[in-house]
Amino acid sequence: MYLIKTPQFFKWIFPHVTWRIREKEKIIYITFDDGPCPDSTEFILTCLREYQARATFFCLGKNVRDYPGLYRKIIDDGHSVGNHTFSHKNCWKTTNKAYIDDIVDAGKYIDSRLFRPPYGKLTRFISKALREELGFSVIMWDVLSADFDTSISAEKCYDNVVKNVRPGSIIVFHDSKKAWPLVKETFPKILKHFSEMGYAFKAIEANKKGQG
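Below: a short report on this structure. (Residues numbered from 1 in each chain as written. Predicted model: local features only at pLDDT ≥ 70, side-chain atom pairs only at ≥ 80, totals over all residues. Heavy atoms only, no water.)

**Some details on the packing of aromatic side chains**
And step 1. Applying the stated rule across the entire model yields eleven aromatic pairs.
And step 2. Judged by centre distance (5.3 Å) and plane angle (20°), the rings of Phe32 and Phe57 are stacked. A residue pair is termed long-range when its members are at least 10 positions apart, and Phe32 in strand β2 (residues 27-33) and Phe57 in strand β3 (residues 55-59) qualify at 25 residues.
And step 3. Taking the relative accessible area as the measure of exposure, Phe32 reaches 1% and is therefore buried.
And step 4. Phe57 gets classed as buried once you look at its relative accessible area, which sits at 1%.
And step 5. Each ring, one from Phe32 and one from Phe173, has its centre 5.5 Å from the other, and the planes form 25°; the classification is stacked. Placement of the pair is Phe32 in strand β2 and Phe173 in strand β8 (residues 170-174), with a sequence separation of 141 residues.
And step 6. One aromatic cluster in this structure is built from Phe32, Phe57, Phe173 and Phe187.
And step 7. Over the ring of Tyr119 we find Lys121; its NZ or CZ atom is 5.7 Å from the centre of that ring. (Phe/Tyr/Trp six-rings, centres within 6.5 Å; stacked < 30°, edge-to-face > 60°. Helix = DSSP H or I, 4+ residues; strand = E, 2+ residues; numbered from the N terminus. Buried < 20%, exposed > 50% of the residue type's maximum accessible area, 1.4 Å probe, protein only. Lys NZ or Arg CZ within 6 Å of the ring centre and 35° of its normal.)

**A short note on helix α6 (residues 124-133)**
And step 1. Three or more residues of α6 are buried, namely Ile126, Ser127, Ala129 and Leu130. Seen along its axis, α6 keeps its buried residues to an arc of 165°; they face one direction. When the buried face of α6 is taken as reference, the exposed residues oriented beyond 90 degrees from it are Arg124, Glu132 and Glu133.
And step 2. Directly beyond the C-terminal end of α6, a positive phi value near 75° is found at Gly135. (Arc of directions from axis to C-beta.)

**Brief notes about the pairing of strand β4 (residues 80-83)**
And step 1. On β4, burial covers both faces: Ser80 and Gly82 on one face and Val81 and Asn83 on the other are all buried.
And step 2. Across four bridges, β3 lies against β4 in parallel orientation. Bridge assignment links Phe58 to a residue of β4, and that residue is Gly82. (Pairing = 2+ DSSP bridges.)

**Details of the environment of Lys178**
And step 1. Here Lys178 shows up in the loop between β8 and α8 (180-196).
And step 2. For Lys178, a relative accessible area of 53% puts it in the exposed group.
And step 3. For the pair formed by Lys178 and Thr18, sequence separation is 160 residues and the distance between their alpha carbons is 26 Å.
And step 4. Once residues lying within four places of it in the same chain are set aside, the contact partners of Lys178 are Asp147, Phe148 and Thr150. (Contact = heavy atoms within 4.5 Å.)

**Structural notes on the nonpolar core**
And step 1. Among the nonpolar cores identified, the biggest contains 32 residues, and Ile30, Phe57, Phe187 and Phe194 are the most heavily contacted of them.
And step 2. Sorting the residues of this core by element identifies β2, α2 (41-50), β3, α4 (68-76), α7 (154-162), β8 and α8 as the ones contributing at least two each.
And step 3. Broken down by element, this core gets its largest block of residues, five residues, from α8.
And step 4. Discounting residues that sit within four places of it in the chain, Phe187 has contacts with Ile30, Phe32, Ile44, Cys47, Leu48, Phe173 and Leu182. (Core = buried A, V, L, I, M, F, W, Y, C linked by side-chain atoms within 4.5 Å.)

**With respect to the side chain of His84**
And step 1. By the element assignment, His84 lies in the loop between β4 and α5 (96-106).
And step 2. Engagement of the side chain of His84 in a polar contact is seen with the backbone oxygen of Arg116, the distance being 2.7 Å.
And step 3. In contact with His84, other than residues within four places in its own chain, are Asp33, Asp34, Phe58, Cys59, Leu60, Phe115, Arg116, Pro117 and Pro118. (Polar contact = N/O pair within 3.5 Å; in protein donor to acceptor, adjacent residues only side chain to side chain.)

**Quick word on the pattern of salt bridges**
And step 1. Tallying each qualifying case throughout the model produces eleven salt bridges.
And step 2. The residue Lys5 makes a salt bridge to Asp142 at a minimum N-O spacing of 3.5 Å. Taken as a pair, Lys5 in the segment before α1 (8-13) and Asp142 in the loop between β6 (137-138) and β7 (143-144) lie far apart in primary sequence, 137 residues in all.
And step 3. In this structure, Asp101 and Lys97 form a salt bridge, with 2.7 Å as the shortest nitrogen-oxygen distance. Pair noted here: Asp101 and Lys97 are both in helix α5, with a separation of four residues, about one helical turn.
And step 4. With a relative accessible area of 32%, Asp101 lands in the partly exposed category.
And step 5. Within the structure, one salt-bridge network assembled from shared partners comprises Lys5, Asp142 and Arg166. (Salt bridge = Lys/Arg side-chain N within 4 Å of Asp/Glu carboxyl O.)

Encoded structure:
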């Protein structure tokens, strides 16, 4: 089960993480989880380049280790990167120490103070440790594309995004083999749609002012 639009209830539970960016202008923040991936990263970068768009890639340490050239291309194209753990651990199903160790291991390959938890799962203890002990800005989202859901159509994935985005929205896509079929179909159309509406696409910075 997942929710396309993040409910206010979650934002009250974790008020110190970023769910959306304070923006008065037509600016949105596209993010990709789980990469880099040989099936999709190059395509995503090409699409972003076409629209002079910047995005934020929350990378897995193991994938950066295995595909350093793709990781370097993300950075060379001017995008932001973030830590998404080394091995995509679920913090609800592992010890605090094992989870933090996995983040530290990812940090050997990913030079960033941005962090996003896999599955969007977090605890108050981990949230506090990330911010106060490891110095991370924790970035969540307010719009989920659901591109990981192999049971939905490309049209549904597209609608999930275009019907819910507002200025400052943080949108989640996935740079992965599983999400690739939907990303390939929808992502170019989404960039075109918001570009024609006058939106700019920016990367997230560690000091960006978030809001609920």
